[in-house]
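The primary structure of each chain is shown beneath.
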Amino acid sequence: MLRILAALDDRDIPAAPASVTDAEAGRRYIARAIDFFGPAPFAGARFGVYQHSSAGRDLLVEVLEALGAEVVPLGRTDGFVPIDTEAVAPEDAARLAGWILENNLDAILSTDGDGDRPLVADDTGTVLRGDTVGMLAARLLGADGVATPINANTALEKSGFFPNVLRTKIGSPFVIAGIEALQDAGAALAVGYEANG
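Just so it is clear, the model here is predicted, and its values are computed rather than measured.

Draft legend 1. Structural context of the overall build of the protein chain. Along its length, the protein chain carries seven helices and eight strands. When the 197 residues of the protein chain are sorted by exposure, 37% land in the buried category. Partitioning the contacts of the protein chain with sequence separation of at least 6, the portion at a separation of at least 24 is 59%. Taken as a whole, the protein chain presents about 11,700 Å² of accessible surface, with 56% of it coming from carbon and sulfur.

Draft legend 2. Layout of a nonpolar patch on the surface. Among the surface-exposed residues, Phe36, Phe37, Leu140, Leu141 and Leu189 lie close enough to one another that they form a single nonpolar patch of about 520 Å² accessible area. Contributing elements (two or more residues each) for the nonpolar patch: helix H2 (22-37) and helix H5 (130-141).

Draft legend 3. Representation of empty space enclosed by the protein within the structure. Inspection of the entire model under this criterion finds one cavity of 30 Å³ or more. By volume, the largest cavity is sized at about 30 Å³. Looking at the largest cavity, the residues that line it are Tyr50, Ile83, Asp84, Val88, Ala89, Asp92, Leu96 and Leu119. Partitioning the lining of the largest cavity into residue classes produces six nonpolar, no polar and two charged.

Draft legend 4. Structural detail: the sheet that holds strand S2 (residues 70-74). The strand order across the open sheet formed by five strands is S2-S1-S3-S4-S5, and the pairing between neighbours is mixed. Two strands close off the open sheet at either side, each with one partner strand: S2 and strand S5 (127-128). Pairing geometry for strand S1 (residues 46-50) and strand S3 (residues 107-111), over three bridges, is parallel. By the bridge assignment, glycine 48 is partnered in S3 with isoleucine 108. This element, helix H4 (residues 90-103), spans S1, S2, S3, strand S4 (118-121) and S5 of the sheet and lies at about 145° to S1.

Draft legend 5. Focus on H4. Helix length check: H4 (14 residues) gives 20 Å between terminal C-alpha atoms against 20 Å at 1.5 Å per residue, within 8%. Buried residues in H4 make contact with S1, S2, S3, S4 and S5. Taken from the residues just after H4, asparagine 104 is the one with a positive phi, measuring 50°.

Draft legend 6. Representation of the packing of H2 against helix H3 (residues 57-66). At a closest axis distance of 10 Å, the pairing of H2 and H3 adopts a crossing angle of 40°. In terms of their interaxial angle, H2 and H3 are classed as oblique. Seen along the crossing, H2 lies across H3 with a hand that is right-handed. Between H2 and H3, the contacting residues are Gly26, Tyr29, Ile30, Ala33 and Ile34 on the first element and Leu59, Glu62, Val63 and Ala66 on the second. Looking at the contact of H2 with H3 residue by residue, the classes come out as seven nonpolar, one polar and one charged.

Thresholds, definitions, all that
- Residues numbered from 1 in each chain as written.
- Predicted model: local features only at pLDDT ≥ 70, side-chain atom pairs only at ≥ 80, totals over all residues.
- Heavy atoms only, no water.
- Helix = DSSP H or I, 4+ residues; strand = E, 2+ residues; numbered from the N terminus.
- Buried < 20%, exposed > 50% of the residue type's maximum accessible area, 1.4 Å probe, protein only.
- Contact = heavy atoms within 4.5 Å.
- Areas by Shrake-Rupley, 256 points an atom, 1.4 Å probe, with all protein chains shown as cover.
- Patch = residues over 30% accessible without salt bridge, like charges linked within 9 Å, V, L, I, M, F, W, Y side chains within 5 Å.
- Salt bridge = Lys/Arg side-chain N within 4 Å of Asp/Glu carboxyl O.
- 1 Å grid on protein atoms, 1.4 Å probe; cavity = no way out; pocket = protein on both sides within 12 Å on 5 of 7 lines; lining within 4 Å.
- Points joined across faces, edges and corners; volume = space filled by probe spheres on them.
- Nonpolar A, V, L, I, M, F, W, Y, C, P; charged D, E, K, R; others polar.
- Pairing = 2+ DSSP bridges.
- Axes fitted to C-alpha atoms, helices over the stretch in contact; angles between N-to-C directions.
- Expected span 1.5 Å × (residues − 1).
- Parallel < 35°, antiparallel > 145°, perpendicular 65-115°, else oblique.
- Left-handed = near helix turned anticlockwise from the far one by under 90°.

Here's what the structure looks like:
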């Protein structure tokens, strides 16, 4: 560790930017989403957001509303709720399906506790695993190459959506290397995702 710090002392490292408030960071995040997706792509949609104890629960509501959706916050808790987005518990899946019907929702969106793994249930209450969400996002983006670990489901190959699929070892460094390999091989738009979304 000391050698790393000593090496950094010799480099010209820019100073950290002036402090950014949480509200400012949130506004920038929302503006980025609007810039990417365009104005109101979810106009007319009614989404539930399963908030539980997720770190991003309020921001997810704000982003979806900024993108034109009507949002119904659901299941907010003060205590930690362990949500495994790769293996949703049967009682959680049943709760999501019930909320879909009770609230006439087009989908329910959520994340795990620290907000970095998606949880999506469609209009029938069916939970889509992260690797399925990744595949659908890649298709929406128009990707012609996808890198994903060996533990992601085989719907990727079976779909026939992508001319170039590269399976990697598990872990984001391997997926990133896979994206780069696809680009080097001529993919116009290579993307990557992991089984956890």
